[in-house]
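The primary structure of each chain is shown beneath.
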Amino acid sequence: MIQTAVLGYGTVGSGVVKVIETNHDSIEKKAGVDLGVKYVLDLRDFPGDPVQKKIVHDFDVILSDPEIRIVVETMGGLEPAYTFTKKALEAGKSVCTSNKELVARHGTELLQTAREHNASYMFEASCGGGIPIIRPLRTCLCADVIDEITGILNGTTNYILTKMIEEGREFSDVLREAQQKGYAERNPEADVEGHDACRKIAILSSLAYGKRVDFTDVYTEGITKITPADIQYAKAMGRTIKLLAFSKKEGEQVTAMVAPYLVDKEDPLASVNGVFNAIFVHGNMLGDAMFYGQGAGKEATASAVVADVIEEAQVLGRSVMSSWDPEKLVLTDVSGTEKQFFVRAKGEASEAEKVFGPVKLVQAGLEGEYGFVTERMSEGAFLKKAGEFGAMISMLRLRDKSKAE
Ligand code: HSE
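Rules behind the numbers
- Residues numbered from 1 in each chain as written.
- Predicted model: local features only at pLDDT ≥ 70, side-chain atom pairs only at ≥ 80, totals over all residues.
- Heavy atoms only, no water.
- Helix = DSSP H or I, 4+ residues; strand = E, 2+ residues; numbered from the N terminus.
- Buried < 20%, exposed > 50% of the residue type's maximum accessible area, 1.4 Å probe, protein only.
- Lys, Arg positive; Asp, Glu negative; His and termini not counted.
- Salt bridge = Lys/Arg side-chain N within 4 Å of Asp/Glu carboxyl O.
- Contact = heavy atoms within 4.5 Å.
- Near = heavy atom within 4 Å.
- Polar contact = N/O pair within 3.5 Å; in protein donor to acceptor, adjacent residues only side chain to side chain.
- Areas by Shrake-Rupley, 256 points an atom, 1.4 Å probe, with all protein chains shown as cover.
- Nonpolar A, V, L, I, M, F, W, Y, C, P; charged D, E, K, R; others polar.
- Core = buried A, V, L, I, M, F, W, Y, C linked by side-chain atoms within 4.5 Å.
- UniProt positions renumbered as here; feature names shortened; annotations may be inferred.
- Pairing = 2+ DSSP bridges.

### Section: the side chain of Asp191
Then comes step 1: Inspection of the secondary structure puts Asp191 in helix H9 (residues 189-192).
Then comes step 2: This buried residue, Asp191, is left without a salt bridge; Lys100 holds the nearest opposite charge, at 5.7 Å.
Then comes step 3: Those residues in contact with Asp191 that lie beyond four places of it in its chain are Asn154, Thr156, Thr157, Glu185 and Asp196.

Shown next, in the form of structure tokens:
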């Protein structure tokens, strides 16, 4: 029997215990070993819950127990998750996690620590919840040179945007509802400001391009400025609005960005709605592939964590896992990337062409303003022109799938 310990009995941690217990027999068949949860570390006691007898409050109990070969870290946040993970790996215990914040911040170091101690640090659940994406990038697609990843990587913002588009409601109104339903955190900043998607695209890009992508280098915008007026224009253009996280490799140059985009209704990413996530991958041999499914949620995320536990149970004592070079991948400045821009503006429509050159006007029936789409130009050139223009209310980028920006 291989014994595990779960750190944190919150949404994902309790899901992990549930998956291991519910699917015990099938897991035993697939893993070839009996998998048990010996301890659950939490500050709380859970009186009356069957987990109560497994609860410990002291991490050293887990660390010093030689029976524990795999630790599941589902605490979230940086500390004490980082310290516990580091200590577990140094003790030769493998760690499986859903903690994208920790993987994005300290993943390179923790992978190294794992290797040095013949253990593994696995994080399938850190990106896309229950959607298999880390393992496909590591194994199924390893014959390919990946040159693009574009994803809807955050369920909360996709839910908010979907509701705003379907019901014509304000951002703050839908956010409040999402919080009441438990879809959005009480402090939603990491989601709505794009930080969560930013961490995930940094992890996926590190894996895909083989060098450490520092998430703090990724240009990031969230969805807090999107209004029902933007949505009216999007509809008039036959588009929808999605928070996209993407990275693209051209030669040795990689760009990465998180921002709301106007996405054509025919684009496969346009039909990814609600809390669902999707990750589009392009490889030089593969061409296109898209991974779609439950990007968050207790059981879906826990299923991905337990899949890592099963894989690890089969290779104990050997360090088999995702990896990338600790050398930092220097991202290309996004100001050089080209795309079309949609602009809402005040004043006379004739003013737009004077500054931006040929533009396509968009009629959405809003009083006192107009909208237009520019020709393709670099972010830098656009910003310069927008400064000269002075009448811009807001701007959104257009996704052109064929150019994958
Ligand atoms: N807050 C995240 C989301 C949870 O909304 O996608 C899953 O990582």
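Right, picking up where we left off after that structure.
### Some points on the site of the ligand
Then comes step 1: Around the ligand lies a shell formed by Lys100, Asn154, Gly155, Thr156, Asp191, Asp196, Lys200, Gly295 and Ala296.
Then comes step 2: Here Lys100 contributes a side-chain N or O atom positioned 2.6 Å from an oxygen atom of the ligand.
Then comes step 3: One nitrogen or oxygen atom from the main chain of Gly155 is found 2.7 Å from an oxygen atom belonging to the ligand.
Then comes step 4: Bound to the protein, the ligand loses 82% of the 260 Å² it would expose on its own.
Then comes step 5: Among the secondary structure elements, those contributing two or more residues to the shell around the ligand are helix H7 (155-167) and helix H10 (195-209).
Then comes step 6: Partitioning the shell around the ligand into residue classes produces 1 nonpolar, 4 polar and 4 charged.

### Things to note about unusual backbone geometry
Then comes step 1: Here the bond from Glu79 into Pro80 is cis, since omega is 10°, no more than 30 degrees from zero.
Then comes step 2: Counting through the fold element by element, Pro80 comes out in the loop between strand E4 (68-73) and helix H4 (81-90).
Then comes step 3: One non-glycine residue, Phe46, lies in the positive phi region at around 55°.
Then comes step 4: Given the relative accessible area of 17%, Phe46 is considered buried.
Then comes step 5: Phi at Asn118 takes a positive value of approximately 50°, unusual for a residue other than glycine.
Then comes step 6: As for its position among the elements, Asn118 is in the loop between helix H5 (100-116) and strand E6 (121-122).
Then comes step 7: On the accessibility criterion, Asn118 (47% relative accessible area) is partly exposed.

### Brief notes about the nonpolar core
Then comes step 1: Judged by nonpolar contacts, the single largest core of 82 residues is most densely connected at Ile62, Tyr121 and Ile160.
Then comes step 2: The element contributing the most residues to this core is H10, with 9 residues.
Then comes step 3: If you look at the next biggest cluster of nonpolar residues, it comprises 28 residues, including Ala31, Met122, Val305 and Ala313.

### Thoughts on the UniProt feature "active site" (unreviewed entry) in the protein
Then comes step 1: Cross-referencing UniProt, the feature "active site" (unreviewed entry) maps to Lys200 in the present numbering.
Then comes step 2: Examined against the element boundaries, Lys200 turns out to sit in helix H10.
Then comes step 3: Among residues more than four places away in sequence, those in contact with Lys200 are Lys100, Ser126, Cys127, Leu153 and Asn154.

### Regarding the pairing of E4
Then comes step 1: Counting buried residues in E4 gives 5 out of 6 residues, a clear majority hidden from the surface.
Then comes step 2: Where E4 lies against strand E5 (residues 94-97), 4 bridges are found, and the strand directions are parallel. Looking across to E5, one finds that Glu73 is bridged to Thr97.

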